[in-house]
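An overview of the molecular structure
The residues making up each chain are set out below.
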Amino acid sequence: MKSGYWTSLKLSGIIGFKTAMDDSGSDTNSDLAALEQWLGVTFHDRSLLEQALRHSSYINENPGAGQSNERLEFLGDAVLGLVVAEKFFRDSPGATEGEMTRARAVLVREDTLASLSADLRLGDYLRLGKGEEGSGGRRKPKNLARVLEAVIGALFLDRGIAASRDFILRLFHREFAKLSAPAAVDYKTRLQELVQSREQTSPVYETVSEEGLPHARTFTAVVKVAGKVVGTGSGKTKKSAETEAARMAWEKLAKPDAVL
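A brief look at the structure comes next. (Residues numbered from 1 in each chain as written. Predicted model: local features only at pLDDT ≥ 70, side-chain atom pairs only at ≥ 80, totals over all residues. Heavy atoms only, no water.)

It is worth spelling out the nonpolar core at this point. The biggest cluster of nonpolar side chains holds 38 residues, and the ones touching the most others in it are Leu 35, Leu 148, Phe 167 and Phe 172. Within the residue set of this core, elements represented by two or more residues are α2 (29-39), α3 (46-52), α5 (70-91), α6 (97-108), α7 (110-119), α9 (141-159) and α10 (161-171). Counting residues per element, this core draws most heavily on α9, which supplies eight residues. The contact partners of Leu 148, leaving out residues within four places of it in the chain, are Leu 113, Leu 116, Ser 117, Leu 120, Leu 122, Phe 167 and Leu 171. Core analysis: the second largest hydrophobic core is formed by 11 residues, Tyr 187, Leu 191, Ala 249 and Leu 253 among them. (Core = buried A, V, L, I, M, F, W, Y, C linked by side-chain atoms within 4.5 Å. Buried < 20%, exposed > 50% of the residue type's maximum accessible area, 1.4 Å probe, protein only. Helix = DSSP H or I, 4+ residues; strand = E, 2+ residues; numbered from the N terminus. Contact = heavy atoms within 4.5 Å.)

Per the counting criterion, the structure on display carries 16 salt bridges. Here Lys 224 ties to Glu 206 by a salt bridge, and the two come within 3.3 Å at their closest N and O atoms. Highlighted residues: Lys 224 in strand β2 (residues 218-225) and Glu 206 in strand β1 (residues 204-211), separated in sequence by 18 residues. When its relative accessible area of 22% is taken as the criterion, Lys 224 is described as partly exposed. Overall, the relative accessible area of 33% leaves Glu 206 in the partly exposed class. A salt bridge links Glu 251 to Arg 247; its shortest N-O distance comes to 2.8 Å. You can see Glu 251 and its partner Arg 247 sitting in helix α13 (residues 238-253), four residues apart, about one turn around the helix. The partly exposed category is assigned to Arg 247, whose relative accessible area is 24%. (Salt bridge = Lys/Arg side-chain N within 4 Å of Asp/Glu carboxyl O.)

Of all eight residues making up β2, six are buried, and the element is well covered by its neighbours. As judged from the seven bridges shared by β1 and β2, these two strands associate in the antiparallel manner. Residue pairing across strands places Glu 210 opposite Phe 219, the latter belonging to β2. Relative to strand β3 (residues 228-235), β2 runs antiparallel, the two being bridged by seven bridges. Within β3, the residue paired with Ala 221 across the bridge is Gly 233. Where β2 folds back on β3, the antiparallel hairpin that results is connected by two residues, among which Ala 226 adopts a positive phi of roughly 55°. (Pairing = 2+ DSSP bridges.)

By themselves, these observations are geometric and do not establish any function.
Given below as structure tokens:
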């Protein structure tokens, strides 16, 4: 699917088919068909999608209703981690293991998953026990993140890794774009790792000036290694000034012939 597909569905009125579950938490085939259209996938075995939507609290109150989504969540977490890691590995040949690990952690953390799950309105389809329902379980970040992982796990079992990869890359399109933007590069961490490996010490940052009106300050910062200034940067905040100083220092010191 092209970027913005889900937004176009929402604007066209395809989304909006459901605002809440009924008291029993049951889904009709038409509900699931609409959800599949919203997700952009069609399950061969729709029972896997149904399982992905069953919270453990629902199973506790309805022991004969089948398995909860916990096993699918476990599988989906692994599939998501693999696809994200592969994406970074292929797209960022110059990234270190540490950088890829940190970038992956940003994408697969609970708040990111919960936000994307909310965009897909998966909470509206969760089967919850009455207690969990009454405590606002449909909007809890933990539940939203886990149901998204469970759907990914169900999709992997039903359609395989290629369909799962396609779904994940579409879903995380904007998140990947944010991480690939120049401003998202963690130059302070890069510089920290570089300096520690060469000098067995850490960079030190200092704010050396503040200029402008209180509502429009410009900060200038320097970064020092072993007492020597190796980078200078300016920005609207102290943090952005330090980041710019780190970028300048890293780009200088990362060269093969660089010396302090």
